[in-house]
Amino acid sequence: MAPFSVNNVKLSTNFKSPLCIFNISYSTAIFPPNLKHLFSKPSTITAAAVEPIPNETSAQVQNANRNHSKKARTAAALINTNPWSARLQARLAALIPLSQTTFFQTLRRIKTPSQALRFFKWAQDSGFIHSQQSYFFMLEILGRARHLNPARNFLLSIPKNSNNAVPLTDKLFNSLIRSYGDAGLFQESVKVFEAMKSMGISPSTVTFNSLFLILFKKGRVGMVFELYGEMLKTYGAKPDLCTFNVLIRGFCMNSKVDVAFRMFREMEKFECEPDLITYNTIVDGLCRAGKVTTARNVVNGMQKKCENLRPNVVTYTTLIRGYCGKQKIKEALEVFREMVDREIKPNQITCNTIIQGLCESRKLDMMKEIIGECQRASEGFVPDTCTFNTIMSARCSQGNLDEALKVFEKMKELKVERDSATYSILIHSLCNQGNFGKAEGLLDEVFEKEILLRDDDCTPLAASYNPIFKHLCANGKTKKAERVLRQLMRLGKQDPLAFETLILGHCEEGTFGNGYKLLILMLRRNFVPNIKIYDSLIEGLLKNKEANLAHDTLERMLRSSYMPRTSMFHRVLMELIEKGSAHESANLMTLMLDNEIRPNINLSTDAVRVLYTSSMKERAFQLVKSLYENGYIVNMEVLIHFLCENKKLLEASELVVFCLKNDQNIDVAVCNAVLTGLCEARKVSEAFQLYYELLEKGLEMPLSLIEDLKNALEGQGKSKEAEFVGKRMMNSSS
């Protein structure tokens, strides 16, 4: 059926669906007559329709057009192959002055919107006077390229940039409303609509039609009701045929068939005659709602209401599908024969719809007779892939797999293409009957022939491959299953159960790294694995000493709202420490504290030790503080001895001071060892500070150690500190 355009909204029917498809597009009506040929195909004009043109005048026009086109091609080539610069502008200056034809032809040839906008501004700076048409066209370029913020700014700047010569109109706002809608940003479309009204620009019928279409796509039926009321009561905009077609289709697709039917009847109130698209839409909505009898009455009333309206193949196919859906084959065949009697030829979809109805009603005995009728009525109906798939599926549903396989072989004999649906039907049925060998052979064929990747408009059902995937994974053939799954993923088709089956298969086969990769792919598609998947993967990764991957999997497990066992935290931490992964160990310790997982004192101590070993002293000390703040401890004496042995005396001193200030018990011998080490390393300022802290806590130190500190201080010229220590020596000896 040819597209039908009214009020800037194009309505068309799709061969594969009885519903019309609505696409908003701009009209060339606002362009000057001499520019329309730039944006639409020229119509055929007969010699009788126009006055003959003298040869000289025709040649002049052709030469002028060629010159404009040559200039436009040259300019666009320069802009598309060079960055915008002063040099480029100088080269474009040769085009000045620009004609309207050259300007529009250049603009439409520029590949990037940003460059197009620069050319637009350059043209204005070079003396070209922009009109509403040029502003509209530039706005459309930005909107189609999804440069929506620049498009909005461009629209609002039109009055200023044109010195108020070009006013803002509803057409300009409609363009931006549609662009936001096409990008799925319906709220932004509504904001533009509100801004339009606040600026005193009355929305037109086209504005409301665009918004209805956008809101229906997002299922915002309530907002459509409000907007329709505003259209009639506030702005007095009169609904047109396009309005009702959009409303009827939108309400039908949002399961509001009664409302759609009410709108259908309301058309008469606005002196708006329904067209064939209107009837096909309401008939489809009624059939989908199971109201097939009402739909048939509507079809019967078409010609009574308007002699020029006749049901077409879409109308009848929709009715046939409705009856088949209710398994009323007798009525479906009546409609089919009525269609043929009216000399309307059924198409492939019509015939396949009847055949599917026969299969679903288990009337396979009528198949040969009906196919014969289809062939006689359509003068060319040949059973295609869809036909054979429908019959084969029916045989499988009856448990008659042998007959289904005969149909499969018949397709090969008749050279009918076998698509992904053909194979998935058979593979699934073979698995259900336990014939996994044959099913696996067909799966190999699917992969080797890349049947899933064919561009044949057949959408594979990923879930139908789950039984064969399960069989393969249970028999050590997970890799074979994965290669088919990855082909499905390339099509954007996948099933969460398939991922889980393959991940567990990898775990069974010991290829835990491959299982981890599938987990990542699964999570990227917003599928949440069950807890068994995580447990199995982490166990396996730990077994293979893949500590970092186990840690990452554990973190993802938490983000999936599962709480791992405390023992699992400890095991992952142990492997990270053993591997020397300081950063990851610290992160895991922090994660445990955040989730109130009780840490093991030895593991906590080892985690801090690994951090110190990796020269991450600030992170190590911060972890110690966090542990104590949460009521946990580390083996401080072990840590301090480790630091002293590794000449990390400042870090050891910091831990001793931390213990003293937090009233933590610490062996005096440990304190003395740190103080001795500081003196020997000639870090006398730090040694004195530690001595002072120990003194404040009333801890006794050997006189010889104090004397060593005094001598070290004197040796580095710290006389006041040495005098302070000396006095304490005298007090101690007395």
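Computed from a predicted model, the values in this text were never measured in an experiment.

Draft legend 1. Spatial organisation of the environment of Ser114. Relative to the helices and strands, Ser114 resides in helix 4 (residues 113–125). Residues Ser114 and Ala145, 31 residues apart in the sequence, show an inter-C-alpha distance of 9.9 Å.

Draft legend 2. Fine view of the packing of helix 35 (residues 649–661) against helix 36 (residues 668–680). Interhelical geometry of helix 35 versus helix 36 gives an angle of 145 degrees and a closest axis separation of 10 Å. Helix 36 is crossed by helix 35, and the crossing has left-handed handedness. Across from Leu649, Leu650, Ala652, Ser653 and Val656 in helix 35, the residues of helix 36 making contact are Cys671, Val674, Gly677 and Leu678. Considering only residue class, the contact of helix 35 with helix 36 consists of seven nonpolar, two polar and no charged.

Draft legend 3. Representation of the nonpolar core in the model. In this structure, Phe212, Ile282, Ile427, Phe469 and Ile640 are the most contacted members of the largest nonpolar core, which totals 232 residues. Sequence-distant contacts of Ile427, that is, excluding residues within four places in its chain, are made with Ala439, Leu442, Leu443, Val446, Tyr465 and Ile468.

Draft legend 4. A look at the pattern of salt bridges. Under the criterion given, the structure shown has 28 salt bridges. Residues Asp258 and Lys291 are paired through a salt bridge, measuring 2.6 Å at the closest nitrogen-oxygen approach. With Asp258 in helix 13 (residues 257–266) and Lys291 in the loop between helix 14 (276–288) and helix 15 (292–305), the pair connects residues that are 33 residues apart, well separated along the chain. On the accessibility criterion, Lys291 (33% relative accessible area) is partly exposed. Shared partners join several salt bridges into a network, and the residues in it are Glu440, Asp444, Lys477, Lys480 and Arg483.

Draft legend 5. Expanded view of helix 18 (residues 348–360). The first and last C-alpha atoms of helix 18 sit 18 Å apart over 13 residues, in line with the 18 Å expected at 1.5 Å per residue. Residues Thr350, Cys351, Asn352, Thr353, Ile354, Ile355, Gly357, Leu358 and Cys359 constitute the buried set of helix 18. For helix 18, the capping residue at the N-terminal end is Asn347, with a side-chain oxygen 3.0 Å from the backbone nitrogen of Ile349. In the stretch just after helix 18, Arg362 is the one whose phi turns positive, near 60 degrees.

The rules we used
- Residues numbered from 1 in each chain as written.
- Predicted model: local features only at pLDDT ≥ 70, side-chain atom pairs only at ≥ 80, totals over all residues.
- Heavy atoms only, no water.
- Helix = DSSP H or I, 4+ residues; strand = E, 2+ residues; numbered from the N terminus.
- Axes fitted to C-alpha atoms, helices over the stretch in contact; angles between N-to-C directions.
- Left-handed = near helix turned anticlockwise from the far one by under 90°.
- Contact = heavy atoms within 4.5 Å.
- Nonpolar A, V, L, I, M, F, W, Y, C, P; charged D, E, K, R; others polar.
- Core = buried A, V, L, I, M, F, W, Y, C linked by side-chain atoms within 4.5 Å.
- Buried < 20%, exposed > 50% of the residue type's maximum accessible area, 1.4 Å probe, protein only.
- Salt bridge = Lys/Arg side-chain N within 4 Å of Asp/Glu carboxyl O.
- Expected span 1.5 Å × (residues − 1).
- Polar contact = N/O pair within 3.5 Å; in protein donor to acceptor, adjacent residues only side chain to side chain.

Read these as geometric descriptors, not functional statements.
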